[in-house]
There are 2 protein chains.
Amino acid sequence: MERNIARLRARLAPHGVTLRPHLKTAKSVEVALQVMESPQGPATVSTLKEAEFFADAGVRDIIYAVGIAPWKLAKVIELRRRGVDLAVVLDTVEQAQAVAKASRESGDAIPALIEIDCDGHRSGVLPGDAARLVEIGRALCDGGELRGVLTHAGGSYAARGMQALQQAAEEERLSVVDAATILRDAGLPCPVVSIGSTPTAHYALDLTGVTEVRAGVFVFFDLVMAGIGICNVDDIALSVMGTVIGHQRDKGWILIDAGWMAMSQDRGTAKQAVNQGYGVVCDLAGNPYPDLILADANQEHGIITLRPGADGQLPDLAIGDRVRVLPNHACATGAQHRTYHVVHGASDLVTGQWQRFGGW
Amino acid sequence: MERNIARLRARLAPHGVTLRPHLKTAKSVEVALQVMESPQGPATVSTLKEAEFFADAGVRDIIYAVGIAPWKLAKVIELRRRGVDLAVVLDTVEQAQAVAKASRESGDAIPALIEIDCDGHRSGVLPGDAARLVEIGRALCDGGELRGVLTHAGGSYAARGMQALQQAAEEERLSVVDAATILRDAGLPCPVVSIGSTPTAHYALDLTGVTEVRAGVFVFFDLVMAGIGICNVDDIALSVMGTVIGHQRDKGWILIDAGWMAMSQDRGTAKQAVNQGYGVVCDLAGNPYPDLILADANQEHGIITLRPGADGQLPDLAIGDRVRVLPNHACATGAQHRTYHVVHGASDLVTGQWQRFGGW
């Protein structure tokens, strides 16, 4: 984890942009303190529960990066009154009007960023839709604060190869830089130009015009990121410990007490070149057994087998032996647990426990 | 939920078998108290954390129905010393020897059931493997207590049609009745003959020789159960509330603030005749909008669309409007939440909050 954080910081430093880490991956104060530039932030969150939780822990500069629903503005105002510079995200005139109205009524100009749709995968205004951008910006400025523009290259998860990743990063950058230009040309402010996804953050060549980069899963990495080529399997800092509870020797199965409840049902590598099942099985030091995966999972049972087509043999794992399983998706697997057990390097000595929170 | 519980009780009553509900679906004391015959049980759990949690709540008759790992026996003994009749499950001689040894050392004969593999989907001894059954039974009786045999027809989830479900139920029954006969013929005790899965519990015609039935998801039901034909969509007692946060009108998308973090990534209906995406979208009263599903999901974004091929039109849902989403798999969706908000019938008045716990 420490190496992953240092790597992204070193990568972004020459570009002169701020790293605003997404805290939704770990949902842990201890991880947040390591990944943020300072204990006050900046940070990104995906729920108001996270905003509240990290505000309680002292974070003071937060973007809530999921489109705002008007009824949530009361909580936003409450957190802002506690001294948190909490900004919201929106992509419609209705939301901008609601933010402006709540700002006027509360006497607090709520900052908002306009979400840009850089790759068609989710929400946001198309970067060239000047009329809508300006209309949203003007509606917002009727009491609220237009803080800037923001996008997320979720489509980069499907990019394969360095060139495709560099292109996804450049498209992400251009989408917000173009939108910022439209707003500024219309006489509107646009101080913040925010991009972010773990793949593009690691592959962008040019960040001209960008003021900050958001990324989340880079802190732990996972098999999906390894499959895209953003990290090596050895960089994955999160694993689930399981115990062997049985064998079905005629089928080549080893059963462990970690199923989908422990791993999540994220099967993100199923669409990649190498399908890792529910995870890659390692020894206690974190070294993968050759071709050994968690091929199937019930709620509390995991079925370990050799990867289809592999011609090795099963390791000699007896009942009671423990293994580590590397996850497809760190955000999803983390969410199945309430505590991180901290280990250093290949040691299995637990040196700390970090609480993880959840909910909305 | 109340109707679902009454239905299974009424179904099992004429067969004279005990209902030992699986508490892993809800992981809630309030639900457990409604679903169990008495506040003391009997009950089934999938983790020792559940056993501990429900023991604290007063439950005194529990089967921990995932194969025991020897290092967990210390916790089993601790719970038994607190007055809980906690039984474990195993399918190997090694485990039986470990249970017998721990029983001798603690002076407490730990009860264990031998798991039978009725349909090849997970763990267990093949019902006809008399040598292994007797060997396990004898190893166990060297200090421990052979409580009986247990199986779970997980394969019934893939059965389609009444006849296939009845057949899965009969195969489940025969597997444990045959195994019990083998043990008794060898002079070993086998008082408990335990079967259980929600599909087979609702379709078994004959329960001769069975002493108890375990089932879990029947308490809430879900879209997978509706797809198999065990319940109607109207029986589903669990839903996730989401708020509309945007539209991509040219794509026919409505975006809500409930993604896979709220729904889980269980896509169990993808293999069924009707793929329900991440869930069926309903109004606040729980009435499904025609052909409206949560077609895709990011961590905190859900994308609502019409079902592929449907020729209706999107309902007029504005930003800020709320919807309910029925889940594919109640166990998985429940696990994403820490509180149940209790409502009665079609009302959206919350009359209570029930805590849900997690972890291991």
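The name given to chain A in an unreviewed UniProt entry is DSD1 family PLP-dependent enzyme, and the organism recorded there is Novosphingobium humi.

Throughout the structure, instances matching the rule amount to 8 cavities of 30 Å³ or more. Reported here for the largest cavity is a volume of approximately 240 Å³. Lining the largest cavity we find 22 residues, and of these A:Ala335, A:Gln336, A:Arg338, B:Ala335 and B:Arg338 sit closest to its centre. Residues that form the lining of the largest cavity fall into these classes: 8 nonpolar, 8 polar and 6 charged.

The UniProt record marks residues 237-344 of chain A with the feature "domain: D-serine dehydratase-like" (unreviewed entry), using the residue numbering of this structure. The span residues 237-344 of chain A shows a helical share of 8% and a strand share of 37%, and its end C-alpha atoms are spaced 10 Å apart.

With that settled, the discussion passes to the side chain of B:His247. Residue and element names in this part refer to chain B. Examined against the element boundaries, His-247 turns out to sit in strand β9 (residues 240-248). Judged by its relative accessible area of 10%, His-247 is buried. At 3.5 Å, the side chain of His-247 and the side chain of Arg-249 are in polar contact. At 2.6 Å, the side chain of His-247 and the backbone oxygen of Leu-317 are in polar contact. If sequence neighbours within four positions are ignored, His-247 has contacts with Trp-253, Ile-254, Leu-255, Leu-317, Ala-318 and Ile-319.

Once that is clear, we can look at the interface of chain B and chain A. Between chain B and chain A, the residue contacts involve 54 residues of the former and 53 residues of the latter. Surface buried jointly by chain B and chain A totals about 4,500 Å² across both partners, of which 52% is contributed by carbon and sulfur atoms. Of all residues in chain B, B:Arg122, B:Arg338 and B:Trp360 give up the largest surface area on contact with chain A, accounting jointly for 16% of the area buried on that side. The tally of links from chain B across to chain A stands at 4 salt bridges.

Residues and elements named next belong to chain A. Remark: helix α6 (residues 130-140) packs on helix α7 (residues 162-185), axes separated minimally by 10 Å, with the N-to-C direction vectors making an angle of 60 degrees. In terms of their interaxial angle, α6 and α7 are classed as oblique. Here α6 and α7 pass one another in a crossing that is right-handed. Mapping the contact onto sequence places Ala-130, Leu-133 and Val-134 in α6 and Ala-179, Ile-182 and Leu-183 in α7.

As a further point, take the environment of A:Gly137. Residue and element names in this part refer to chain A. Turning to its location among the elements, Gly-137 is positioned in helix α6. Since its relative accessible area comes to 0%, Gly-137 is described here as buried. Sequence separation between Gly-137 and Arg-147 is 10 residues; the distance between their C-alpha atoms is 9.6 Å. Those residues within four positions of Gly-137 in sequence are excluded, and the remaining contacts are Ile-114, Leu-146 and Leu-188.

Another aspect to go through is the packing of aromatic side chains. Centre distance and the angle of the planes are the two values used to describe a pair of aromatic rings. Residues and elements named next belong to chain A. Going through the model one piece at a time under the given rule, you end up with 8 aromatic pairs over all chains. With a centroid separation of 5.6 Å and an interplanar angle of 90 degrees, the aromatic rings of Phe-53 and Phe-54 are classed as edge-to-face. The exposure class assigned to Phe-53 is partly exposed, which follows from its relative accessible area of 29%. Phe-54 gets classed as buried once you look at its relative accessible area, which sits at 0%. Both rings, one in Phe-53 and one in Phe-357, keep their centres 3.6 Å apart while their planes meet at 20 degrees; by these two values the pair is stacked. One end of the pair, Phe-53, is in helix α3 (residues 48-56); the other, Phe-357, is in the segment after β16 (352-355), and 304 residues separate them in sequence. By relative accessible area, Phe-357 is classed as buried at 7%.

Residues and elements named next belong to chain A. We note that the domain assignment places domain 1 (2-219) and domain 2 (233-348) within chain A. The interface of domain 1 with domain 2 comprises 10 residues on the first partner and 8 residues on the second. Where domain 1 abuts domain 2, roughly 720 Å² becomes buried across the two surfaces, and 44% of that area is made up of carbon and sulfur atoms. Counting across the domain 1 and domain 2 interface gives 2 salt bridges. Between Asp-235 and Arg-3 there is a salt bridge, with the nearest N and O atoms lying 2.6 Å from each other. Our enumeration of links across domain 1 and domain 2 arrives at 4 residue pairs in polar contact (both at pLDDT 80 or more). For the side of domain 1 that touches domain 2, the residue count by class is 3 nonpolar, 3 polar and 4 charged.

Parameters at a glance
Residues numbered from 1 in each chain as written. Chains lettered and ligands numbered in written order. Predicted model: local features only at pLDDT ≥ 70, side-chain atom pairs only at ≥ 80, totals over all residues. Heavy atoms only, no water. 1 Å grid on protein atoms, 1.4 Å probe; cavity = no way out; pocket = protein on both sides within 12 Å on 5 of 7 lines; lining within 4 Å. Points joined across faces, edges and corners; volume = space filled by probe spheres on them. Nonpolar A, V, L, I, M, F, W, Y, C, P; charged D, E, K, R; others polar. UniProt positions renumbered as here; feature names shortened; annotations may be inferred. Helix = DSSP H or I, 4+ residues; strand = E, 2+ residues; numbered from the N terminus. Buried < 20%, exposed > 50% of the residue type's maximum accessible area, 1.4 Å probe, protein only. Polar contact = N/O pair within 3.5 Å; in protein donor to acceptor, adjacent residues only side chain to side chain. Contact = heavy atoms within 4.5 Å. Buried area = accessible area lost by both parts, 1.4 Å probe. Salt bridge = Lys/Arg side-chain N within 4 Å of Asp/Glu carboxyl O. Axes fitted to C-alpha atoms, helices over the stretch in contact; angles between N-to-C directions. Parallel < 35°, antiparallel > 145°, perpendicular 65-115°, else oblique. Left-handed = near helix turned anticlockwise from the far one by under 90°. Phe/Tyr/Trp six-rings, centres within 6.5 Å; stacked < 30°, edge-to-face > 60°. Domains from an automatic or database assignment.

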